[in-house]
Structures are given as C-alpha cells and as structure tokens.
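# Structure assessment
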Amino acid sequence: MVEYNCTEMAYQKVDQRFRVHTQDQDAEELPVTSLELEWDMEKELEESGFDGFETDNSGQHHLGNSAGNTDLDFEFMQPSASPRGRFARLEEESDYVPHTRPGPKNLQGSFSKMAKLFVAGFIIFICGFLIGYYGRKSSSKNILSNNATTPTPPVSSTAESDDGNILQNIVQAIEGYSIRNFFRNLTPFAAESDWGSSATHVMEQWTASGLTEIRLANYTVLLSLPDTDQNKIILTNSSQCFYPSGQQCSTLHSAPRGKKEKNDLYFYAAYSAKGSLEAEIIDVQYGTIDDLLRLQSSTNVTKKIALIKLGKAPLLYKLSLLLEVGFGGALVYIDPCDSPQKEKIGDETFWISLNPGGDPSTPGHPSVGGGFREHGTNITSLLVQPIAASLAKALLSSTEKANGNGCFHLTNSSAVGKTIRLEVGAVSEYRTIQNVIGYLKGSINPDKYVIVGSHHGNNEELWTSSTSIITEIIKTMMAQVQKRRWRPNRSIVFCSWGGSIFGNIGSYEWAEEMKHVLQSNAVAYINLFKPIVGNGTLKTVVSPSLRQLATDLINMRFSLNCTSQENCSGRKVNSVQVEGNSDFFINHLGVPTVQFAYQETKTSMGPGFLSEALLVHDASMVEALDPSFNLHETVAKLTAEMILRIANEPVLPYSVLDVALEVQEQLKGYDSASDQMLALANALRKTAQLFQSDEMRPANDPKERDPAHLRMLNDVLQNLEKNFLIQRAPPGYYRNILYHLDETSNQFSVMKEAVNHCRLQQTNQTLSTVSSMVMNSIRSAQVYLKAGLDVFENIQSTKRTN
C-alpha cells in the first residue's frame, strides 16, 4: 500500500511537469524532457527511503490505472512515465549503477568504462552510417530507373483526385425529375396556414434524404398580420367606400368567402402605422428625388397621401423620402406597364413588408426567452396601403400616357387628386417561427461553415422550388457520404428559414444568435430564394470575390467560351442587391454570397424592385414556367458545384484582385471621387496583385502547402469583404458597398444617392459623410491585405534564417 502511494505521488509530479513542458517546447525537445523526468522520479523515490522499490508491482498498479483513462495527454505521456519501462531500460545498460552511493574509486572506474564504450559506439555508428548511405543511394537509382516512365503520384494528389471524382458524381446525380418529385410532395403542405407543419415536413424530407444531424431552432417573434376588419379608402365627397382590390364595400359582402379573403385580406402592408387620415391624394409617380423635386416647387405635401408606384428604388427608401418631405400616408400600386409581360400583376392581390429585417421587438439580438423586447409594433409613422391599379386609376381620374409598347402609364397631369379618408389596421401578435438547420460536418476544417439557405412558409408564398432544390442537393451528397465515407473539407450547414416574407426574420434571428461564431467561421452563404421566377435569363448575383468562380462554373455548365461577361449573352453575372435571406450575411457579417436564379428577359422585367410585392402564387405557375424541371436542375447543379468548390478546395477560390478591380470600376467617371480616394483604390489594386501572385498561387501547389500558412491565408480571404461594411446606409440600401443598387449603374450606390440627396436637402453634408465612409473602407481593405503580406513575409524570413 505504501509502494502504491509513492508511485502515485511520482506520477502526479511527472504529469504536472510534462504538461508544463509541452506547452513551451517543440516536439524535438521532448526526448530530453522525458529523460530529465526519469531521473527526477528516481531521486524522489530515493529521498522517500524506498531503495528496495518493487518495479513489477508498481508496473501493475500503473497499468491498472491507465486502462480506464482516455485522456489524450496521458496517452502521450505513457512511454516516458512508466516506471517499469524506465527502470528496466536502465538496468539493461552495461554502465548502469544502482543508487548505493559508491565511493570515488568506483566512480573513476565507471567513468573509464563509459569512455571506452562511447568510443566503440561512435565507431560502429560511423560505419553503419556509411554503409547505409551508399546502399540507399544505389537502391534509389534502381527505383528511379524502373519507374522513370510511370512515376508514383504523391498521396495528396491522389486524395485530391478521389475528391474530384466524388464531387463530379454528386453533381451528375442531380436530376430534374427527382426535384419535381420533391416539389410535388411538398406542394400540398404549401397551402397550410400552420408554419410549424411546413418546417416539420422539410425536416422529414431532409431526414429521408440521409441527413442525420438536423434540429429545429424556435424563435418567438412579433408579426404584423392582416385585420379581418379590412382596410378601406373612402371618398370624402361622395362617401363611396372601396377595399384595396377596387371593389366597393357594399358589393364585396356578396362575394364568396374564399375569394374575398384572397382579394382583400392580403392587400396590406406589414408593420405599417395604424389609424386613419383624411387628406388629398398627390400623384408622386415612383417617388424618386426627381419626382419629389417637381412637386415641392408647386405643391404643399404636408400630411397629404402619396399615390406611389412600386419600382425603380427600394420601397423603404422611397417611403423615407416621403416622410422627409412631410407626407402622412401612401397608397402603393404597380403600374400595369411595369409588370412582367407574362404576369400582368397590376390588379393581382399583393402585400408588402416594411420590416428591414429580423424581429422588430428585438433589434440587434435574437428573440429567445428572457430577452428585452421593445413595445412598438409599427416601423414607420406613415399609413401605408397597397392597392390595385384599377383603384389607383379611379382615384387619379387618370390621364393615361402611352409608352413604346402600346401600354398606358397611369399619371395625373394636375398632380393633386381627390380627397379621401384612409383607414389602415393590422393585428400584432407574437408567434413562434421555426428554422430547420442541418449539418454535414467537415473532415479537416469542421469549424468553417459554408451555409446554404432556402426558406419555407405558408399560403402567402410559394417556397417549394427552393426547398426541392436544396433537398435534392442533400440527397446526392449524403449518398456519397454513405457509399464512400466522404466528407467535405469544411462543414456545410443547410438551412430552411421561417418568417422570410415578414422581413427575413428566421435568418436574422438565427444569425444574431450565432453572430460571434459566424463572424470568424462563416466562409460563404449560398442563397436559394425564388430560383424560378421566369424562363428567360439565368441571373447570377455574386460577391466580387466569387465572380470569377461563378463565371467559370456557368461557362463549363453551358460549354461556353466567354472571355468577358458581355460575350455571354443571356447570362448575367453581377453584384447587385437581391431579395432573400442573404441580407444579414451580406450587410452585417460581410460574408461572400452567391445566388443562381432564372427570371424573365430584361426587356420584360420592368423598372426593378417589383419583387418587393409579395404575390399569392400556386404550384401551377412554376410547372408552367418549367414543366420538365430542367431549369430547376440547372440551378441545382450550379449551386451544388459552388458549394462543393468552396467547401472542399484547400485554398478558398476567392479573388482579392477582382474585389480591388471592382472598387476601381465603381470610381470611374465619378466626379466626386477625390484624388486621395483614387490613390487609395490604386494602392488596393497593387496590394491585391501582390497578394494573389505571391501568396495564393504558391498555396495552390500541393507540394508548397503548409497547414498553418494555409489557415492564415484562408482567414484573410474570407474576411476581406468585412472591410467594405459602412456604418450606416439609406433605408433599403446595402451596407456592403461592393453591391450595386441595380444593374443600371456601376458606381457606389450610396455615393450616387448622396449626390442626389444634396439636391433635396440643399446641403453637401450627407455627401461628405458618405465619401468619408467609402474612403475609409478602401483604406481598411488595403491595410488589411498589406498586413497579411507582412505576416507571410516574416514567416518566410524566419524559415530561411533557421
């Protein structure tokens, strides 16, 4: 019993010393440390008076204790910490002397023997070294001569080749008919009003497709729902009452209940102010700054009701301008000439959300239990109401103006229309929304996440296209996981968001909850949002750093030989604002994103931002646009290739040079760009060129890869876009200045807006503030890349000196 206690005390001492040394010493120093520990233990045993220590018994005690210990550090300690192993090895040495404190003569004899043995061992070592060297050299010559025509590839190349085959198998396995089956399985649930059931069905589909790690994330959020006592527009002079659909209040009650709900209940603006306002209607057309400047010179707009068309700019931005000049309410409609030719949505039921993103009651933090909530239920003080184009025409006493296509735009030559009383109501309720989150964990960098997002909902929207595509991608990936034991380099996180139609609430709440993790670990966000809204043009919205990769994938998919974007007619690759759940990842996390979607051709798409109108669709529209689901298959394959390239390549396939070139392109022809701003953009381009040539190209060679270097390089690549997040932007505009407002301009959108806003405010203060933010972003990006270059240069210098 005494022997065991002594041994245990020695182990504790050895274990403590081992842990201290391993933190500060390289692996090459460990053998020396182990030898010192051996002698320290023997000394402690002697001092305790156990010269007759039984090594066999102690070894048994040690083995019994270590059998149940699974600690990784302890396993590495065992070879040098076992007393039986150490003592047995020492006793086998010819110069081993027991600890009996011999006299000086014995010591002199021992030293003499040790010297002779050392000389003999040294001579044997030299002879063995020479024999081994020449024998190995001759053998190497024979091996090289035998394999001169068929060299054996390195292991890493073979592994990469195997991964390439697996990735190709995943993409090839995606099929349109399989997506159609998922689509038709989900369609019956799309009409359900229970949001929880749609999330459950998505989860069941993913589980059946082989994904094993799935969970539901629940958030209790504030929603703005339509009021059963529907909103009304009442003409003051005649007391005629109209519902937003254009039907008179007296005739609507005779309509069937289902039609009544569809046509009127969902004609509303979520999160609008509630109440009533009696005022004149003023035609502001699209509500742009030019439109408002024309009105201000001749019309008093204070507390009036604006009749405004959807399109040309974000609705939130245009409503902020109406508030700025003094309007009290707004009636929003779609000009029939602006709607896509195949849809003609001017008189269809639509509704809009005024929520910029997330739960309005918990701005900036997730809606989880115990958190503080703000009590305000409306986001704007304006009374906002969507209406049908037919009602807008009646209110205007419209003078129709024909366009080039023979369509008549609604306009009012006198600007001022009739006097009405606008009644707006809504119901604010706390409800639980659910996100479905699935994980395919990475094998090498499991803490780095490639996030793929679709969405689910209820009968206000059609979400089954995006969900069917992401489910097909999951199915083909999991087939390789089960068949080949394949895992991606980085983790892939599959998400289906709830509450998207109310302002991307599900994605905001989850990202706010995971914000500190995502800031350092989110590598990319792949957006699947309304992938099929037409069958004319493939539109790709992508971060500048991923633009070249997206172009290459499209070229390979369609077997094109495109040297520039202009040569690839019918396929657009650009960085513009886009609706959907990528908003938080672009504007708050600065994560590179990409989205593939089919839309109508440019000539039939209207003025832009019409997609802010949320329409009640059914499955027949999607099947009419893509009856064979070939377009779904194309989007799915492009999306899967993008996911796999980002998740699996050792070096992230990002281009820092494309980011720098995008900055320079946006400053071209911009009169307000200062010489200092242009110089900073030029410095950024030069630094990006050096970074791409000196660091990224060598890292793509498997022979030159160093794991620590690779990790630091990828961190620089994934975080570069964070430098382009400005502190604030106009409502509806992106904070990430690398994205354009639309396809009509290549300039920084926030700077272009600031120039126009100066005309409305009659001051240059806004322009000066925005220019300063843009310039600081460019400087920050250049300093960030330069710091990365300096770190890598210092590492290389240290290696050369060593």
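Being a predicted model, the structure only gives us computed values, none of them experimental. (Residues numbered from 1 in each chain as written. Predicted model: local features only at pLDDT ≥ 70, side-chain atom pairs only at ≥ 80, totals over all residues. Heavy atoms only, no water.)

Before going further, it helps to spend a moment on the packing of helix α12 (residues 289-296) against helix α13 (residues 315-325). The interhelical angle for the contact between α12 and α13, taken along N-to-C directions, is 20°, at an axis separation of 11 Å. Between α12 and α13, the crossing angle belongs to the class labelled roughly parallel. Crossing of α12 over α13 shows right-handed handedness. For the pair α12 and α13, contact is made by Ile289, Leu292 and Gln296 and by Tyr317, Leu321, Leu322 and Val325, respectively. (Axes fitted to C-alpha atoms, helices over the stretch in contact; angles between N-to-C directions. Helix = DSSP H or I, 4+ residues; strand = E, 2+ residues; numbered from the N terminus. Parallel < 35°, antiparallel > 145°, perpendicular 65-115°, else oblique. Left-handed = near helix turned anticlockwise from the far one by under 90°. Contact = heavy atoms within 4.5 Å.)

One pass over the structure, following the stated rule, counts one disulfide. Each sulfur of the disulfide joining Cys241 and Cys249 lies 1.9 Å from the other. What sets the handedness of the Cys241 and Cys249 disulfide is the S-S torsion sign, and at about -55° it is left-handed. (Disulfide = S-S within 2.5 Å.)

This next bit is on the confidence of the model for the chain. Across the chain, the average pLDDT comes to 78, with 70% of residues at or above 70. Residue range residues 252-262 is modelled with pLDDT below 50. Its contacts to residues more than four positions away, or to other chains, number eleven contacts. Scored below 50 in pLDDT, residues 563-567 shows two contacts in the model against residues more than four places distant or in partner chains. (pLDDT = per-residue confidence, 0-100.)

Their axes nearest at 8 Å, the elements helix α22 (residues 656-667) and helix α23 (residues 675-699) cross at an angle of 165°. With respect to their mutual orientation, α22 and α23 come out roughly antiparallel. Note on packing geometry: the crossing formed by α22 with α23 is left-handed. Only Met677, Leu678, Ala681, Asn682, Leu684, Arg685, Ala688, Gln689, Phe691, Gln692 and Met696 of α23 make contact with α22, whose side of the interface consists of Val656, Leu657, Ala660, Leu661, Val663, Gln664 and Leu667. Looking at the contact of α22 with α23 residue by residue, the class counts come to 13 nonpolar, four polar and one charged. (Nonpolar A, V, L, I, M, F, W, Y, C, P; charged D, E, K, R; others polar.)

This next bit is on the sheet that holds strand β20 (residues 614-615). Spatially, β4-β8-β20 is the arrangement adopted by the three strands of the open sheet, whose pairing is mixed. Among the strands making up the open sheet, the edge pair consists of β4 (269-270) and β20. Examined bridge by bridge, strand β8 (residues 350-353) and β20 share two bridges and lie antiparallel to one another. By the bridge assignment for β20, Phe350 is matched with Leu615. (Pairing = 2+ DSSP bridges.)

This part covers the nonpolar core. In this structure, Phe327, Met477, Phe494, Met642, Ile646 and Phe691 are the most contacted members of the largest nonpolar core, which totals 141 residues. If near-sequence neighbours (up to four positions away) are discounted, Ile646 is found in contact with Val450, Arg490, Val523, Ala524, Ile526, Leu546, Leu549, Leu652, Pro653 and Tyr654. Counting residues in each nonpolar core, the second largest holds 31 residues, with Ala270, Cys495, Ile501 and Ala511 among its members. (Core = buried A, V, L, I, M, F, W, Y, C linked by side-chain atoms within 4.5 Å. Buried < 20%, exposed > 50% of the residue type's maximum accessible area, 1.4 Å probe, protein only.)

A positive phi is found at Lys303, a non-glycine position, where the angle reads about 60°. Structurally, Lys303 can be placed in the loop between α12 and β6 (305-309). Accessibility expressed as a relative area gives 56% for Lys303, which makes it exposed. A positive phi angle, close to 50°, is found at Asn504, a residue other than glycine. Positionally, Asn504 belongs in the loop between β15 (490-497) and α16 (505-513).

In spatial order, the strands read β1-β13-β15-β14-β16-β19-β17-β18; together these eight strands make up an open sheet with mixed pairing. Because the sheet does not close on itself, it has two edges, and the strands there are β1 (213-226) and β18 (571-574). Direction aside, the axes of adjacent strands within the sheet are offset by 20° on average. When strand β14 (residues 445-455) meets β15, the two strands line up parallel, connected through eight bridges. Following the sheet pairing, Tyr449 is matched in β15 by Ser491.

What follows concerns the pattern of salt bridges. Taken as a whole and assessed by the stated rule, the structure comprises 21 salt bridges. Linking Asp359 and Arg373 is a salt bridge whose minimum nitrogen-to-oxygen distance equals 3.0 Å. Placement of the pair is Asp359 in the loop between β8 and β9 (383-386) and Arg373 in the loop between β8 and β9, with a sequence separation of 14 residues. For the residue pair Asp359 and Arg373, the accessibility class agrees, reading buried in each case. Each member of the salt-bridge network shares a partner with another, and the members are Lys539, Lys572 and Glu743. (Salt bridge = Lys/Arg side-chain N within 4 Å of Asp/Glu carboxyl O.)

A complete count under the given rule lists eleven aromatic pairs for this structure. Summarising the aromatic geometry, the rings of Tyr734 and Tyr739 are spaced 5.5 Å apart at their centres and angled 70° between planes, so their arrangement reads as edge-to-face. Across the pair, Tyr739 and Tyr734 agree in class, each one buried. Taken together, Trp497, Trp510, Tyr525 and Phe585 form an aromatic cluster joined through their ring pairs. (Phe/Tyr/Trp six-rings, centres within 6.5 Å; stacked < 30°, edge-to-face > 60°.)

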